[in-house]
Amino acid sequence: MPALLYTLGFLTVYLLAICIPWGQRAENPWFYLGIQGGEAAWIYPLSGSVYGSTPLPPLELSAKPTVMAGLAVIVLLTLVRRCWRQGFAALGVAILAIGAKEVFKSTVPRPELVGAPENLLDQGFPSGHTVIPAALTLAAVLVVSPRIRPYVATAGVLWLACIAAATATMGGHRPSEVLGATLLACACYGLATWLLPPAAAPGATRSPRALHVIALVLALIVALISGARPDTLTRSLVSAATAFICAALVWYAAVGRPARTARRTRPALD
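Residues numbered from 1 in each chain as written. Predicted model: local features only at pLDDT ≥ 70, side-chain atom pairs only at ≥ 80, totals over all residues. Heavy atoms only, no water.

> Report on the overall build of the protein, specifying residues and quantitative values.
Of the regular secondary structure elements, the protein holds nine helices and zero strands. Along the protein, from the amino end to the carboxyl end, the secondary structure elements read α-α-α-α-α-α-α-α-α. For 270 residues, the compact-globule estimate of 2.2 N^0.38 gives 18 Å, and the C-alpha radius of gyration of the protein, at 19 Å, lies within 12% of that figure. Dimensions along the principal axes, computed over C-alpha positions, put the protein at roughly 75 × 40 × 35 Å. By the burial criterion, 49% of the 270 residues in the protein qualify as buried. Pairs at least 24 residues apart make up 81% of the contacts formed inside the protein by residues separated by at least 6 positions. Surface summary for the protein: the accessible area is close to 13,500 Å², and the carbon and sulfur share equals 70%. Of the side-chain charges in the protein, 20 are positive and 10 negative, and the distance between the mean point of each set is 20 Å. (Helix = DSSP H or I, 4+ residues; strand = E, 2+ residues; numbered from the N terminus. Rg over C-alpha atoms; globule rule 2.2 N^0.38 Å. Buried < 20%, exposed > 50% of the residue type's maximum accessible area, 1.4 Å probe, protein only. Contact = heavy atoms within 4.5 Å. Areas by Shrake-Rupley, 256 points an atom, 1.4 Å probe, with all protein chains shown as cover. Lys, Arg positive; Asp, Glu negative; His and termini not counted. Charge placed at Lys NZ, Arg CZ, Asp CG, Glu CD.)

> Can you tell me about the nonpolar core, naming the residues and giving the values?
Counting residues in each nonpolar core, the largest one holds 66 residues, and the members touching the most others are Val131 and Leu138. Those elements giving two or more residues to this core turn out to be helix H1 (2-18), helix H3 (63-81), helix H4 (84-107), helix H5 (128-143), helix H6 (149-169), helix H7 (175-195), helix H8 (209-226) and helix H9 (233-256). Discounting residues that sit within four places of it in the chain, Val131 has contacts with Ala97, Ile98, Lys101, Ala181, Leu184 and Ala185. With eight residues, the next largest nonpolar core counts Ile43, Cys162, Ile163 and Ala166 among its residues. (Core = buried A, V, L, I, M, F, W, Y, C linked by side-chain atoms within 4.5 Å.)

> Outline the side chain of Gln123, listing residues and values.
Positionally, Gln123 belongs in the loop between H4 and H5. A distance of 2.8 Å separates a polar atom in the side chain of Gln123 from the backbone oxygen of Val108. Polar side-chain contacts of Gln123 include one of 3.0 Å to the backbone nitrogen of Phe125. Apart from the residues within four sequence positions on either side, Gln123 is in contact with Tyr14, Ile18, Phe104, Lys105, Val108, Pro109 and Arg110. (Polar contact = N/O pair within 3.5 Å; in protein donor to acceptor, adjacent residues only side chain to side chain.)

> Can you explain a nonpolar patch on the surface? Please cite residues and give values.
Taken together, the side chains of Trp42, Val213, Ile214, Val217, Leu218, Ile221 and Ile225 make up a nonpolar region of the molecular surface, amounting to roughly 670 Å² of accessible area. Its place among the elements puts Val217 in helix H8. (Patch = residues over 30% accessible without salt bridge, like charges linked within 9 Å, V, L, I, M, F, W, Y side chains within 5 Å. Salt bridge = Lys/Arg side-chain N within 4 Å of Asp/Glu carboxyl O.)

> Can you break down the packing of H5 against H7 residue by residue, with the values?
H7 packs onto H5 with a crossing angle of 25 degrees between their chain directions and a minimal axis gap of 8 Å. Accordingly, the angle class assigned to the pair H5 and H7 is roughly parallel. H7 is crossed by H5, and the crossing has right-handed handedness. From H5, Thr130, Val131, Ala134, Ala135, Leu138, Val141 and Leu142 reach across to H7, where they touch Val178, Ala181, Thr182, Leu184, Ala185, Cys186, Tyr189 and Thr193. Classifying every residue of the contact of H5 with H7 by side-chain character gives twelve nonpolar, three polar and no charged. (Axes fitted to C-alpha atoms, helices over the stretch in contact; angles between N-to-C directions. Parallel < 35°, antiparallel > 145°, perpendicular 65-115°, else oblique. Left-handed = near helix turned anticlockwise from the far one by under 90°. Nonpolar A, V, L, I, M, F, W, Y, C, P; charged D, E, K, R; others polar.)

> Account for the packing of aromatic side chains, with residues named and values stated.
Evaluated as defined, the whole model comprises five aromatic pairs. Summarising the aromatic geometry, the rings of Phe10 and Phe104 are spaced 5.2 Å apart at their centres and angled 75 degrees between planes, so their arrangement reads as edge-to-face. Of the two residues, Phe10 is situated in helix H1 and Phe104 in helix H4; the sequence distance between them amounts to 94 residues. With respect to burial, Phe10 and Phe104 carry one shared label: buried. Pairing Phe10 with Phe125 gives two aromatic rings, centres 5.2 Å apart and planes at 40 degrees, and the pair type is tilted. Pair noted here: Phe10 is in helix H1 and Phe125 is in the loop between H4 and H5, with a separation of 115 residues, a long-range link. Taken as a pair, Phe10 and Phe125 share a single burial class, namely buried. (Phe/Tyr/Trp six-rings, centres within 6.5 Å; stacked < 30°, edge-to-face > 60°.)

> Which residues make up the environment of Ala200, and what values go with them?
Its place among the elements puts Ala200 in the loop between H7 and H8. Residue Ala200 is classed as buried on the basis of its relative accessible area, which comes to 12%. For the pair Ala200 and Leu136, spaced 64 residues apart in sequence, the C-alpha separation works out to 19 Å. Beyond its immediate sequence surroundings of up to four residues, Ala200 is in contact with Arg85 and Gln86.

> Got a sec to walk through the pattern of salt bridges? Specific residues and values, please.
Under the definition given, this model contains three salt bridges. Linking Arg229 and Asp231 is a salt bridge whose minimum nitrogen-to-oxygen distance equals 2.9 Å. Of the residues examined, Asp231 reaches a relative accessible area of 27% and is grouped as partly exposed.

> Describe H6, listing the residues and the values that go with them.
If you check H6, its first and last C-alpha atoms are 30 Å apart, about what 21 residues at 1.5 Å a residue would give, namely 30 Å. Downstream of H6 by one or two residues, Gly171 has phi in the positive range, about 90 degrees. (Expected span 1.5 Å × (residues − 1).)

> Would you mind going over unusual backbone geometry in detail, with residue names and values included?
Most peptide bonds take the trans configuration, and most residues that are not glycine carry a negative phi. Geometrically, the link from Pro57 to Pro58 is a cis peptide bond, its omega value of 5 degrees lying close to zero. Note that Pro58 resides in the loop between helix H2 (21-27) and H3. For the peptide bond that leads from Phe125 to Pro126, omega is -5 degrees, which places it in the cis range. Along the chain, Pro126 falls in the loop between H4 and H5. With phi around 55 degrees, Glu60 is a residue other than glycine that occupies positive phi space. Relative to the helices and strands, Glu60 resides in the loop between H2 and H3.

Given below as structure tokens:
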């Protein structure tokens with residue numbers, strides 16, 4: 001059920017934002033709010049766009065190294081903990097989410113419905129830079145110990161909030177593209193946990209109640225800082241709100257989702 005809901009959410013965002021004229025009209029002016037380009041964003045110096053600077057993973061050219069490093073960590077954790085089913089599921093989440101993003105962007109065109117300028121016609125749904133932290137966070141949750149799972153999820157959602165807000169506020173992607181990438185990663189995670197046997201599938205993680213509030217409050221703060229621009233309040237707040245929603249989706253999928261109920265067999269009749 002979670003995988004189906006996330007998939008429906010992904011398709012809904014795509015249809016409303018890209019396949020309907022008013023959706024395109026609502027998002028196309030996004031790139032003209034404030035100064036064009038990402039130079040005005042507070043997080044721009046960490047984006048890697050400045051010559052000779054080191055990008056914040058997975059921005060700019062650090063995307064592929066970040067994916068490879070994330071997959072290597074998952075393999076290492078699988079070998080150390082000997083959780084073979086969870087390890088294969090985690091690799092499947094990361095590879096399927098990132099691969100599905102590439103396939104979707106290359107095969108599904110962005111229709112031109114409103115006479116937009118040529119530079120706004122490139123297919124950017126879903127966001128590749130956003131799907132990487134979302135997928136790697138959810139994959140890591142599958143292979144780490146349940147005791148530290150909430151803290152790994154917390155670090156992951158903070159990373160996601162930062163990258164999602166930065167990607168949107170610097171003009172790399174529309175808000176719908178960022179949200180779609182997160183829903184895609186959550187759908188892959190939901191599918192993986194559904195396919196796992198009940199004994200191996202992670203249920204709702206026991207964690208301090210305060211950690212839920214702390215994680216989401218910190219994600220909101222990171223999103224506000226990463227999405228901040230002094231030239232346009234609208235773009236800053238929408239970027240932060242989108243990033244916070246992405247963080248909340250991943251947090252719920254990784255930690256807050258109700259435990260999966262084991263299948264019950266019908267008792268045999270004497």
